[in-house]
Each structure stands twice: as C-alpha cells, then as structure tokens.
Amino acid sequence: MAKYDKYLYGTVGVALFLFTWWLATVAGLLDPKFLTPPQKVFEQLVEGLSADGDLRKQVWPSLRRGLSGFLIGVGLGVVSGILVGSVRFLEKAFDPVLLFFRSLSILALFPVFLLFFGIGEQSKVAIVTWAAFWPVFISTVNAVKGVENILLNAARTLGAGRAYIFTRVVLPASVPNIFPGIRLAASYAFTALVAAEYLGATEGIGIYIRSSQEGYQIPAMYSGIVVLGLIGVTLNLILAGVEKRVTAWQLGLTNK
C-alpha cells in the first residue's frame, strides 16, 4: 500500500474536487451558466475528442507548438546555463542583463515577438521557447555552481583534468538539480502557449477555448481547459519518469 499511497490519495482528492464541484452547481451556490456541472463537461469532452470532434482537431497544432518551443527552450537553457554556471566571469558580467530579461513579463514582449517573427507559427514557437528557457537556465546555472567542492577536490587529487572533471563530475552531479527546472518549464511553456495562440492563430486549443467563450459555449470552453490540464499532467508524468531513470544512480547512493 505504501508504494501506491500517492495514487490512492490523489484519486481521493480528485473525487472530492469533482463532488464539491457537482454539489456546488446542484445546490445553486454556483450558477451552471458560468460553471458547467462536471458531467456536462465530461460529455462535451467525449464529444469534442471523438473522431469528428472539433476539439480533437485543435490538439495537434497546440502540441506541435508547445513541444517545439519547450524542447528548443530546454536545449538553449541547458547549454547556456552550463556555460554561464561554469565560467564565473560570464555569470558576473551578464547577471544584470539576465536579471532584467527574466524579470520582464512575457506579455510585455508579445509586440517584440510579433515584430521579429510576424503572426505566423514562428512567433508562437518563439514565445513558448522564451517561457521555457528561463526556468531551465536558472536551475542549470545554480546546479552547476552548486556542485560540492569535495567532489571536485577529490577528482583533482586523483589527477583528473578539467575536461574529465567537467564531463564525469560536474555534469552528472548537476543533472538531478536541472530536472526540476525542466518540469517547471513544461508548465510555463503550455501556459504561454494559450496566450500565444490568441495572437492571430486560426487553430489550437487556445483558439478553441476563446471561440467557445465568445460563442457562449461554456461546456466546450471548460472541455478545452481540461484537455490543456491533461496535457500538462501527462507531460509532467513523462518527465518525472525520465528524471527517475536518469537519476537512478543518485537514488541508489542515497538509499545506501
């Protein structure tokens, strides 16, 4: 039971949330016109994801944009984070600039992305990339800087060179602390995706949600929101599985 403890409690939590949602609409505490009962949302979700459903047609465009921007952002964040975290001069020199850019709201940069990339697919992928980049970059810089000196000194004592220390000590020790940033980046990426799809997109879950709201198709609107949440949960579970496999060596050492 201990092995499946979190799944059991998670199921109970979801059931309580759905029951409270249903009870609030039935009791009249929440107007069903604005918050559709869960069973109607589920019906609309099944209909929308059916073979000829409108929602199903919008999933792939959003997945393509979100995953493309996420993967590009992760790649750039890891590479630049390793570089800045390893070279103290770069960290000190660019820290004010990096602090300025990561403090900016992505909404304030929408006009810049539109100016450089237009209203096509490139601007949407660029927005998602920007959102995914910063959590990975910051976690990578901190992970590389946070490698314990005892590991570095032990490697030097054994005669290891810089290249060996970097590839066999610094990088493996940094990986466990980079993954939380990657998982956070996945959340940021699909959050930014919805806003990005409002900028001239003709297809995607964000447009589906917006058009449903404007057409007062409230169950359809909530079904689109549910699909976005399910995509985020699924991606997080996949990344958690990858993290567990990649960092299994660390768990083994910890258990010992």
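All of these numbers come straight from a predicted model, not from anything done at the bench.

What counts as what
Residues numbered from 1 in each chain as written. Predicted model: local features only at pLDDT ≥ 70, side-chain atom pairs only at ≥ 80, totals over all residues. Heavy atoms only, no water. Helix = DSSP H or I, 4+ residues; strand = E, 2+ residues; numbered from the N terminus. Buried < 20%, exposed > 50% of the residue type's maximum accessible area, 1.4 Å probe, protein only. Contact = heavy atoms within 4.5 Å. Areas by Shrake-Rupley, 256 points an atom, 1.4 Å probe, with all protein chains shown as cover. Core = buried A, V, L, I, M, F, W, Y, C linked by side-chain atoms within 4.5 Å. Axes fitted to C-alpha atoms, helices over the stretch in contact; angles between N-to-C directions. Parallel < 35°, antiparallel > 145°, perpendicular 65-115°, else oblique. Nonpolar A, V, L, I, M, F, W, Y, C, P; charged D, E, K, R; others polar. Phe/Tyr/Trp six-rings, centres within 6.5 Å; stacked < 30°, edge-to-face > 60°. Left-handed = near helix turned anticlockwise from the far one by under 90°. Polar contact = N/O pair within 3.5 Å; in protein donor to acceptor, adjacent residues only side chain to side chain.

## So, the overall build of the chain
Assigned secondary structure in the chain consists of 11 helices and zero strands. In sequence order, the chain lays out its α and β elements as α-α-α-α-α-α-α-α-α-α-α. Based on the C-alpha atoms only, the size of the chain along its principal axes is roughly 70 × 55 × 35 Å. For the chain, with 256 residues in total, the buried portion stands at 37%. Residue pairs in contact within the chain that sit at least 24 positions apart in sequence constitute 72% of those at least 6 positions apart. Summed over its atoms, the accessible surface of the chain is roughly 15600 Å², and 68% of this surface lies on carbon and sulfur atoms.

## A word on the nonpolar core
Ranked by internal contacts, the top residues of the largest apolar core, which has 32 residues, are Phe70, Ile182, Ile205 and Val227. Counting residues per element, the ones that place at least two in this core are helix H2 (38–48), helix H3 (54–86), helix H6 (121–145), helix H8 (162–197), helix H9 (205–214) and helix H10 (218–246).

## Observations concerning the packing of H3 against H9
Relative to each other, H3 and H9 sit at 140 degrees, their axes nearing to 7 Å. Here H3 is positioned oblique relative to H9, judged by the angle of their axes. Each of Asp54, Leu55, Gln58, Val59 and Ser62 in H3 lies in contact with H9, whose residues at this interface are Ile205, Gly206 and Tyr208. Residue classes in the contact of H3 with H9 are distributed as four nonpolar, three polar and one charged.

## Here we look at the packing of aromatic side chains
According to the stated counting rule, one finds 10 aromatic pairs in the structure shown. Relative to Phe117, the ring of Phe113 lies with its centre 6.4 Å away and its plane at 25 degrees, an arrangement referred to as stacked. With a gap of four residues between them, Phe113 and Phe117 both fall in helix H5 (residues 110–117), about one helical turn apart. Residue classification places Phe113 among the buried positions, given a relative accessible area of 10%. You can call Phe117 partly exposed: its relative accessible area is 38%. Taking 5.9 Å as the distance between ring centres and 90 degrees as the angle between the ring planes, the aromatic pair formed by Trp134 and Phe137 counts as edge-to-face. Of this pair, Trp134 and Phe137 both sit in helix H6, three residues apart, roughly one helical turn. As far as burial versus exposure is concerned, Trp134 and Phe137 are alike and both buried. Three or more aromatic residues link up through ring pairs in this structure, and these residues are Phe100, Phe101, Phe113, Phe117, Trp130, Phe133, Trp134 and Phe137.

## So, the packing of H9 against H10
Contact geometry for H9 and H10: axes closest at 8 Å, N-to-C directions at 160 degrees. Classified by the interaxial angle, the pair formed by H9 and H10 is roughly antiparallel. Judged by the twist between their axes, the crossing of H9 over H10 is left-handed. Residues Ile205, Tyr208, Ile209, Ser212 and Gln213 of H9 lie in contact with H10, whose contacting residues are Ala220, Met221, Ser223, Gly224, Ile225, Val227, Leu228 and Ile231. Looking at the contact of H9 with H10, its residues break down into nine nonpolar, four polar and no charged.

## Things to note about the side chain of Arg65
Within the secondary structure, Arg65 sits in helix H3. Classification of Arg65 by relative accessible area gives buried; the value is 1%. Reaching out from Arg65, the side chain makes a polar contact with the backbone oxygen of Glu203 at a distance of 2.8 Å. With sequence-adjacent residues up to four places away left out, Arg65 is seen in contact with Glu121, Lys124, Val125, Val128, Leu193, Glu197, Ala201, Glu203 and Gly204.

## A few points about the side chain of Ser62
Checked against the element boundaries, Ser62 lands in helix H3. Among the polar contacts made by the side chain of Ser62, one reaches the side chain of Glu197 at a distance of 2.6 Å. If we ignore the near neighbours within four places in the chain, the residues touching Ser62 are Phe190, Leu193, Glu197, Gly204, Ile205 and Gly206.

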